[in-house]
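# Structural overview
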Amino acid sequence: MSPRGRLLLFLPSAAALLFLLIDGLHQLPGFGHYPGPYGYVLNGVGVSQRHATNLVTAVNFDYRAFDTLGEEFILFTATTAVVLILRHMRGEREQPGAADTRRENASEALRGLALAFVAALIVLGGYVVVHGALTPGGGFQGGVVLAAGAFVVFLAGEVVAMKRVAPEKLLELGDAAGAAGFVLIGIGGLIFADVFLQNFLDLGKPGSLNSGGTIVLVSIAIGIEVAGAFLLVWTEFLDQAVLVRSGGDEGE
Amino acid sequence: MSFLPYAVAAWLFVVGLYGIVTSRHLVHLAVCLTVVQSSTYLILLSTGYVRHGSAPIYADIPPVSTAVDPVVQALTLTDIVVESTITALLLALAVQAMKRFGSVDPSFLRQLRG
Amino acid sequence: MTSVQHLAPLAIVIPMLAACVIAGLSFLPRRVHELVALAAALATTTLCAILLVHAKHGQIVYWLGGWKPHHGVALGISLTVDQFGAGIAMLTGVLVVASLVYSTRYYDEVDGPYFALVMTFMSGMVAFSLTGDLFDMFVFFELMSVAAFALTAVRIEERGPIQGAINFAVTNSVAGFGLLVGIALLYGRTGALNLAQIGQALDHHPADALVAVALLLIVAAFLTKAAAVPFHFWLADAHAVAPAPVSILFSGVMVELGVFGAARVLNTAFAQPIEPSLHDLRMVLVAVGTVTAVVAAFNCFQQRHLKRLLAFSTISHMGIIICGLALLTDRALAGAAAYALGHGLAKGALFLGTGTLLYHYGAIDEFELRGRGRDLPVLGIVFVAGALVLASAPLVTTFFGKSLIEDAALSADYEWLPAVLALCSALTAGALLRATARIFLGWGVDAPLSDRTDSEERSQQESSQEEGADVEPHGHTPALLVAVPAVLVVAAIVAGLVPELVPSVERAAAHFRDHASYAGAVLAGRPPQLAPVVESHVKATAWIYALASTAGALLLAGMGLRGRHVLPAGIADALRAAHSGHIGDYIAWWTFGMAIFGGLVLWAVAG
């Protein structure tokens, strides 16, 4: 279809769709008047039932942990997919000297600051992961910060160093281990508490570091998985952009 | 005024679709898909908002205080992860499209027709 | 809880663990990966079979994390396993096993990540079938979608898979976001995510625009997965480029899960609000099913790329299954389920068969393969048998399914429907018989008539050649590559004759649609009181339609062999041009479909 034909088909349809959406959304209770009951019930019982003060994490890692399990595997699948799609084809090879060029192009200030940040980010990431049940944060958020910490090494121009710090095999293992860890915690619930994904550890005092039972364990498993997954994806793209050249031509 | 978040969300959904339909670059297309998804975040979070409610973090507020719905926030978190994975996948495909087709313009992807 | 119930989450997480093992230990040899994957698939199939047997007495409700409902408010997520859910999960397992066994010989080289993706794909599909929570359905819908996008793009050396994967990914993702908006709408009204609880909460309100729009978004998302027209454009592209062991999973069970999802929400969450509008809603859905069946059948007949031919035939048969859902009665749903079983097994066999042809000859084009199939007579018989199943020839599984749908259509005063569906079966089976005769017997003209060689025809030729170009023709065929399709097609033929199978499908359908007992079982733990179901007998009219569609298929195959076309040139070209491969076109059509379908649903439900 020509671009004009496409627009002729799309614009009236989009207008109708917009009208339909607004018509449906209009019947919702107004903004700020959530009718419940799911949220209100959980707000009422969440702290006492799970000794966790961050109820969003409690919902994600305990009440609706199965959704989070599925979502973790979506991340795992997409990471595996990116690895599969960006694998080296026949005739592609690493461009010699690309790593050195990158190191030369980064300024001293950038390199110094970036390397200073690595430690800070890793500590921050670890903190956010472990305190998931207490304060805003959790496995996903902390995992991304951890990944950023390792990735900052690349920004400093040290491509090769980054690949030594985060080698691909280790990342794959970490990704898979985190995902498997979550499943095993669920099976632990099955073995120790007779229900899959049942929280089977001692709940501790609300507000203390070991509260929430398995919530902290799940948070750590997810943190490892997310960090591994994101780093793996970034490394694959990095390979394509920086290192790989097709045999013969200049690539992209 | 209380309908504004929903109206914006509906608009984002449709305008993202417009971006996809008229896109001439696969990376732009992936980002337009993100715009469509951001409308879903907005709707989800808006349905769970409670007037004068605080965040559902009971670390330093008494357990009986009004808080917004934690469930929609958890759902939005799941949603964000799903979106980031799809974007990563589409971008990887765009990289390979550049190599195989020599272009990232969808009109140049003419291998499959009929 | 009894120990059988624990099998439900195990059926879902065993493949997940297998995926982790395969991906994490990627340095292990290919045989180890294959064995791990095969073991997990067999385990899941067995668990689903056990669940299927136990679900006969009523839904198995499993609250994950031990979160039982708190005064009727569901706190956690439930797996609500009924016979249909366990049944389709078992079909998933069977097809994955077939796919894995076939791929041991099919692929010359394959990386570990491929098997990990197949495992997560399977766990997503099984979880989608077994869950009782609406947002959980979304999560696993996305899981199986992402795995599917990835598996489509496995052969990145070729250009087609890249385009096919992009089109697949964007279309299905947009549908998924629509699904999420629908879920948000329902949540905003009911404050619940559990299907049974939503159904109960909606009971107290009349069906207004919100319910109608939520129904539109949720059902349209599932119908996009099921490739209803005009949401179907992605399927031909994706199936054409995915390797055969992957296509069997797409056509065999993934698209059927779209109809399953739509049926599930219509019979639980939306059951009460649509009660007063059944007649109008039936009209709308039957229209969708019929248009899908007809448009795809005609397009199927025009294809020469074997996989694209089979892909369009899948869309057409999904149209028939959607008609079964659309009639909104127990009998029609039972027919749809039986038909899906026969179709899934047969289509799987046919896709594996084309994979074998590609393996042996390095070609996938009907004309390029003309006469060369004489070395593989057994494969030819498999193709003919598959065509008979697609034509709903008498006594095959699809025949029983079709007869139930026809019976329901006649009772609901849709007298024209059986004839239209018979025509569609004849077209798709005829196209397949034409291709079979041309390839295995060398019959028919050796080049398409010159007045029709337009650019679309040329592009089909090109894409067939490209697909063949990278595959080294092996010149021989391991017995396994013929045995697996043969086993599947035999199963497709005889499944319907197994005593008690069709009556138990009818009973399962009635229980599936009994939303009161579903809600009682999930929310109150009440043991289900299942009303006895009157079994139906195959009527004489069913025999007539079946023989007509079989004869029609033979007739059309003969016409096709002589190079004759079934559509006037203008319409044929327009149809071909619509399937342009451009993602902007596809999303424009999707939006158009949403506008029309949405307007009709709004009128039917809220008007």
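What counts, and at which threshold
- Residues numbered from 1 in each chain as written.
- Chains lettered and ligands numbered in written order.
- Predicted model: local features only at pLDDT ≥ 70, side-chain atom pairs only at ≥ 80, totals over all residues.
- Helix = DSSP H or I, 4+ residues; strand = E, 2+ residues; numbered from the N terminus.
- Buried ≥ 20, exposed ≤ 12 C-beta atoms within 10 Å, placed from the backbone.
- Contact = placed C-beta atoms within 7 Å.
- Nonpolar A, V, L, I, M, F, W, Y, C, P; charged D, E, K, R; others polar.
- pLDDT = per-residue confidence, 0-100.
- Axes fitted to C-alpha atoms, helices over the stretch in contact; angles between N-to-C directions.
- Parallel < 35°, antiparallel > 145°, perpendicular 65-115°, else oblique.
- Left-handed = near helix turned anticlockwise from the far one by under 90°.
- Expected span 1.5 Å × (residues − 1).

### Structural notes on the overall build of chain A
A count of helical and extended segments in chain A gives 10 helices and two strands. Secondary structure elements of chain A, listed N to C terminal, follow the sequence α-α-α-α-β-α-α-α-α-α-α-β. In chain A, buried positions account for 50% of the 252 residues. Pairs at least 24 apart in sequence give 73% of the contacts found in chain A among residues at least 6 apart.

### Some thoughts on the environment of B:Phe101
Relative to the assigned elements, B:Phe101 resides in helix α3 (residues 70–101). Overall, B:Phe101 belongs to the partly exposed group, with 18 C-beta atoms counted inside 10 Å. In this structure, B:Phe101 is in contact with B:Phe108, B:Leu109 and C:Arg159, ignoring residues within four places of it in sequence.

### A closer look at the interface of chain C and chain A
The interface of chain C with chain A comprises 61 residues on the first partner and 57 residues on the second. Those elements that place two or more of their residues in the side of chain C that touches chain A are α1 (7–24), α4 (112–130), α5 (134–152), α6 (159–190), α8 (209–225) and α23 (583–606) of chain C. In terms of residue count, α23(C) provides more of the side of chain C that touches chain A than any other element does, 10 residues in total. Here the side of chain C that touches chain A is composed, by residue class, of 39 nonpolar, 15 polar and seven charged.

### Examining the confidence of the model for chain B
In the predicted model, chain B carries a mean pLDDT of 89, and 98% of its residues have values of at least 70. Two numbers describe this predicted complex: its pTM, 0.93, and its ipTM, 0.94.

### Some points on the interface of chain A and chain B
In this assembly, 45 residues from chain A lie in contact with 41 residues from chain B. Every element with two or more residues in the side of chain A that touches chain B is listed here: α1 (3–26), α2 (38–50), α3 (55–63), α4 (65–85) and α10 (214–243) of chain A. In terms of residue class, the side of chain A that touches chain B is built from 27 nonpolar, 13 polar and five charged.

### Focus: the packing of helix α9 (residues 168–193) of chain A against α1(C)
Taken N-terminus to C-terminus, the directions of α9(A) and α1(C) make an angle of 155°; their axes are 8 Å apart at the nearest point. Considering the angle they form, α9(A) stands roughly antiparallel to α1(C). In this structure, α9(A) meets α1(C) at a crossing whose hand is left-handed. Within the contact between the two elements, α9(A) uses A:Glu172, A:Leu173, A:Ala176, A:Ala177, A:Ala179, A:Ala180, A:Val183 and A:Gly186 and α1(C) uses C:Val13, C:Met16, C:Leu17, C:Cys20, C:Ala23 and C:Gly24.

### Some remarks on helix α2 (residues 30–54) of chain C
With 25 residues, α2(C) should cover 36 Å at 1.5 Å per step; its first-to-last C-alpha distance of 36 Å lies within 8% of that length. Against α1, β1 (60–63), β2 (78–81), α3 (83–106) and α4 of chain C lie the buried residues of α2(C).

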